[in-house]
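One-letter residues, chain by chain:
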Amino acid sequence: MSNDTTKEVTLAANEGIKVNSRYLRGTILEGLSDSSTGAVSGDDNQLLKFHGSYQQDDRDLRKQRRKEKLEKAFSFMIRVRVPGGVCSSEQYMKMLAISEKYADGALTFTTRQAFQFHRILKKDLKLAMKGINEALMTSIAACGDVNRNVMLNANPHASDLHEEVYQIALSVQDLLTPKTKAYDEIWMDVKPEQEEAETVEPLYGKTYLPRKFKVGMAVPPENDIDIYSQDLGYIAIEEKGKLTGFNVLVGGGMGMSHGNEKTYARLGSVIGFCTPDQVASVSENTVAIQRDFGDRTDRKHARFKYTIDDKGLDWFVKELAKRTGFTLEAAKPFEFISSGDAFGWIKGSNNLWSLTIHSNGGRVGDDTPSLKNGLKSLIELHQGEIRLTPNKNILLTGISDGNKLKMEAVVDEFKIGTIDHKSGARLNSIACVALPTCGLALSESSRHLPLFLDDFEAILNKNGLFNQPINVRITGCPNGCGRTPLAEIGLVGKAPGKWNLRLGASHSGDRLNLLYKQALTHEEILAELSPIVKAFADKREPEEGFGDFCMREGYVS
């Protein structure tokens, strides 16, 4: 009997794909030129994610195409990275033009403040990528096992503090962006310099990270980015109108898997305070720790939150101090009051106006003509800065008094500014894309949200709660793209036409919800919520949120 107790480690398949990819090149170029299929190879499909694209197919057509002995109706999604959600009016119009020329005519806003295109055919994928880069934007690292789009409060108040934090967010995004030249070579036809077919990744190395990594920055009292959902979060601390630094938060993550108790949502943990000039070191070394210690054998256990829980928070704090050469100070007091958006006209500290417009789920397309055409008219007048919110809405900032009068006329013409007829639940709702394009979706989400809200609003109206802000979020699976575990009412896809109902998160985003009942139909969910809403109307305490009430009354505990 051998005394060797060493276990052979089997790495996840993606690890080998990354190692052999020549820093994300793979055979993507060859696959794009293959006109015999609308798809790319399985390995290249994984590598495309690092370039900001997912291969998908229309699941509504699968059965019919199988019957006709045709391959799936393949197409591609592209996600455009927008650090802090900030872009120019010109860039917005160029993104809209790309959606009309190469995609399905719709521009989608994501929960990470990015643009997204759907249903791009393989023959148009490179053309769309070139268009994105010509607009001085990029999709590199919008997906894949790397740090993704760095988030920041949309902040319609446009404070001086917010602008300072935004510049820091941009620096973190640049620091954590992969350095490979593969993106330029494949999509922009940039020839590699001399014999340099590979670029050494100083931070990521050949295997990049075990899984995706997410960084966000929040400026209290607004928590629209759901800071506790971030792998690495920075909470800005203001003293006497000045930015003194950030509380550092680690280990947040919303994804889980049905039936697998080893997977779970986790709130990020505040571990201390750093100064602005320490942010770069904290960011780089936190990512490096996850690179070195994250689980590369099981992708369901590969997120940073599991590294934190497996190794311990104290271990991480010590490891971070060892690598940075400094110890974080004690965390400083802060308070969040809301995770929603402030709609309508707001005057900022610079005496200029901002306008936040509700987007009805983050899709601007031909199926939402008033919104699409109204936004085009507004943005042509505006010609200024635009910000995508983490709640999939859009705001225009830096508007003068004179331009405000012109833009108000457009808002009235297209009826896109008023929120009087929209409930507090609708204004605080999020849905992921899900069916028919997402391959992971178990049930409907974005297509079901309007139907659910129509019926749920009737219940709210009956109980005098139409304007009560309630976070409602629907996702087609438990992966957490819509940050469903932080919803006061969360619907998580379980099977076709069925969702798990979760209740009890806080409206400010600092408490997870809990499972209430499983695998309910639309009608069953409404039947369960109706008496709870009535009880909330009758028994709630002053200023009490719906999630807090569900916890206090023991609907979940």
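Read on for an overview of the structure. (Residues numbered from 1 in each chain as written. Predicted model: local features only at pLDDT ≥ 70, side-chain atom pairs only at ≥ 80, totals over all residues. Heavy atoms only, no water.)

**As for the overall build of the protein**
- Check the secondary structure of the protein and you find 17 helices and 20 strands.
- Relative to the globule expectation of 24 Å for 557 residues, the C-alpha radius of gyration of the protein, 23 Å, shows essentially globular dimensions.
- When its C-alpha atoms are laid out on the principal axes, the protein stretches across 70 × 55 × 55 Å.
- Counting contacts in the protein only where the partners sit at least 6 residues apart, residues at least 24 apart contribute 68% of the total.
- Split by element, the accessible area of the protein, about 23200 Å² in all, is 50% carbon and sulfur.
- Each charge class in the protein can be summarised by its mean position, and for the 70 positive and 73 negative side chains these summaries are 4 Å apart. (Helix = DSSP H or I, 4+ residues; strand = E, 2+ residues; numbered from the N terminus. Rg over C-alpha atoms; globule rule 2.2 N^0.38 Å. Contact = heavy atoms within 4.5 Å. Areas by Shrake-Rupley, 256 points an atom, 1.4 Å probe, with all protein chains shown as cover. Lys, Arg positive; Asp, Glu negative; His and termini not counted. Charge placed at Lys NZ, Arg CZ, Asp CG, Glu CD.)

**Some details on empty space enclosed by the protein**
- With the rule as written, the count across this model stands at four cavities of 30 Å³ or more.
- A volume near 40 Å³ is recorded for the largest cavity.
- Partitioning the lining of the largest cavity into residue classes produces five nonpolar, two polar and no charged. (1 Å grid on protein atoms, 1.4 Å probe; cavity = no way out; pocket = protein on both sides within 12 Å on 5 of 7 lines; lining within 4 Å. Points joined across faces, edges and corners; volume = space filled by probe spheres on them. Nonpolar A, V, L, I, M, F, W, Y, C, P; charged D, E, K, R; others polar.)

**Quick notes on the sheet that holds strand β12 (residues 353–357)**
- Spatial ordering of the open sheet is given by β3-β14-β15-β12-β11, a layout of five strands whose pairing is antiparallel. Looking along the sheet, the strands with just one partner apiece sit at the ends: β3 (86–88) and β11 (344–347). Along the sheet, successive strands turn relative to each other by an average axial angle of 25 degrees, direction set aside.
- Its contacts with the sheet place helix α12 (residues 369–382) against β12, β14 (385–388) and β15 (394–399), and it is angled at close to 20 degrees to β15.
- Most of the contacts of helix α13 (residues 401–414) go to β15, to which it runs at about 150 degrees, and overall it touches β11, β12 and β15. (Pairing = 2+ DSSP bridges. Axes fitted to C-alpha atoms, helices over the stretch in contact; angles between N-to-C directions.)

**A word on the packing of helix α9 (residues 279–293) against helix α10 (residues 304–311)**
- Where α9 contacts α10, the axes come no closer than 10 Å and their chain directions differ by 75 degrees. With respect to α10, the element α9 is oriented roughly perpendicular. Contacts from T286, Q290 and F293 of α9 reach α10 at F304, T307 and K311.
- By residue class, the composition of the contact of α9 with α10 is two nonpolar, three polar and one charged. (Parallel < 35°, antiparallel > 145°, perpendicular 65-115°, else oblique.)

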